[in-house]
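# An overview of the molecular structure
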Amino acid sequence: MHVILAGAMMERIRVPTRWRRLGVLAVLPLAALLLVLSCDAWIESACAGACYDDLEALPVRSVGLLLGTSKYLPGGRRNLYYQYRIDAAERLYKAGKVQYLLVSGDNRHISYDEATTLRKDLIARGIPPERIYRDYAGFRTLDSVIRASEVFGQRDFIVISQRFHNARALYIAHRNGLDEVIAFDARDVDLYYGFKTRLRELLARVAAVLDVELLGAAPKFLGPRIEIGVAPPT
């Protein structure tokens, strides 16, 4: 009797299918937001004690890893992210904080070569060519960081980029056992200039966490070892 009554009550309070679907649809944006905020906080924690904006306080390392980006924006405008990263790399080298620079960027087709463009502009700033190594396979931040260790033999380098980018690079480095990697923060752009980039960065951080924690992502290419300071610059 009790079982029959309970069954009848369940029939009466059963939620219509369309309401269950609406409930799921309402939960999904909240879950996505929680994922974005969690990944953002996790990556920000990688900067604790490892990101420097004071040149005097920055420890000395043999190599600075300069993360590439395009020199110009669509329409031909100068990319300030690029400009400020070049400025920061020049400061580090001339202050004696690094002996070599490893410039890492995208070179997926012959007409686009971030690493060579970075090298040319650094040479124009007075940095000797023999002190600049190029990584042509820095297609993304993960590739640049892991290749600095696996291909170029470095485990305690300085990452050079804007702080938001440095945090993600340090997260990737530290989660791959490169605990001595630190970063120097290049000058950032203002909020108006960098608004779209900051939005994309939130998604990039989610992708980085998924790559590192779930997928075990590796660089697209590795290749022969090039020991910085031993082998001639590429």
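Now for a quick tour of the structure.

Conventions adopted
Residues numbered from 1 in each chain as written. Predicted model: local features only at pLDDT ≥ 70, side-chain atom pairs only at ≥ 80, totals over all residues. Heavy atoms only, no water. Salt bridge = Lys/Arg side-chain N within 4 Å of Asp/Glu carboxyl O. Helix = DSSP H or I, 4+ residues; strand = E, 2+ residues; numbered from the N terminus. Buried < 20%, exposed > 50% of the residue type's maximum accessible area, 1.4 Å probe, protein only. Disulfide = S-S within 2.5 Å. Patch = residues over 30% accessible without salt bridge, like charges linked within 9 Å, V, L, I, M, F, W, Y side chains within 5 Å. Areas by Shrake-Rupley, 256 points an atom, 1.4 Å probe, with all protein chains shown as cover. Contact = heavy atoms within 4.5 Å. Phe/Tyr/Trp six-rings, centres within 6.5 Å; stacked < 30°, edge-to-face > 60°.

The next point concerns the pattern of salt bridges. Under the counting rule described, the total for this entry stands at 15 salt bridges. Salt-bridge contacts for Glu44 lead to Arg205; the nearest nitrogen and oxygen are separated by 3.0 Å. A residue pair is termed long-range when its members are at least 10 positions apart, and Glu44 in helix H2 (residues 17-44) and Arg205 in helix H7 (residues 191-215) qualify at 161 residues. Its relative accessible area of 3% is what places Arg205 among the buried residues. A salt bridge links Arg140 to Asp211; its shortest N-O distance comes to 3.0 Å. Remark: Asp211 occurs in helix H7 and Arg140 occurs in the loop between strand S4 (132-135) and helix H5 (141-150); sequence separation between them is 71 residues. You can call Arg140 partly exposed: its relative accessible area is 35%. For Asp211, a relative accessible area of 15% puts it in the buried group.

What follows concerns the state of the cysteines. Across all of its chains, the model carries one disulfide by this definition. For Cys47, the disulfide goes to Cys51, at an S-S distance of 2.2 Å. The class of Cys47 is buried, set by a relative accessible area of 3%. Judged by relative accessible area, Cys51 falls into the buried class, the value being 18%.

With that settled, consider a nonpolar patch on the surface. A cluster of nonpolar side chains, Leu191, Phe195, Leu199 and Leu202, forms an exposed patch at the surface whose accessible area comes to about 390 Å². By the element assignment, Leu199 lies in helix H7.

What follows concerns the environment of Arg205. Sequence separation of Arg205 and Ala169 is 36 residues, and the distance between their C-alpha atoms is 9.9 Å. Beyond its immediate sequence surroundings of up to four residues, Arg205 is in contact with Cys39, Asp40, Ile43, Glu44, Phe164, Ala167 and Arg168.

The buried fraction of H5 is high, at nine of ten residues. Along H5, the residues that are buried comprise Thr141, Leu142, Asp143, Ser144, Val145, Ile146, Arg147, Ala148 and Ser149. In this structure, the buried side of H5 is in contact with strand S2 (63-67), strand S3 (100-104), S4, helix H6 (163-175) and H7.

What follows concerns the packing of aromatic side chains. If you walk through the whole model with that rule in mind, you get five aromatic pairs. Ring centres of Tyr100 and Tyr133 lie 6.0 Å apart, and the angle between their planes is 70°; this geometry places the pair in the edge-to-face category. You can see Tyr100 sitting in strand S3 and its partner Tyr133 sitting in strand S4, a full 33 residues away along the chain. Per residue, the accessibility class of Tyr100 equals that of Tyr133, and both read buried.

Of note, Gly216 is situated in the segment after H7. Note: C-alpha distance between Gly216 and Asn176 (40 residues apart in sequence) is 9.8 Å.

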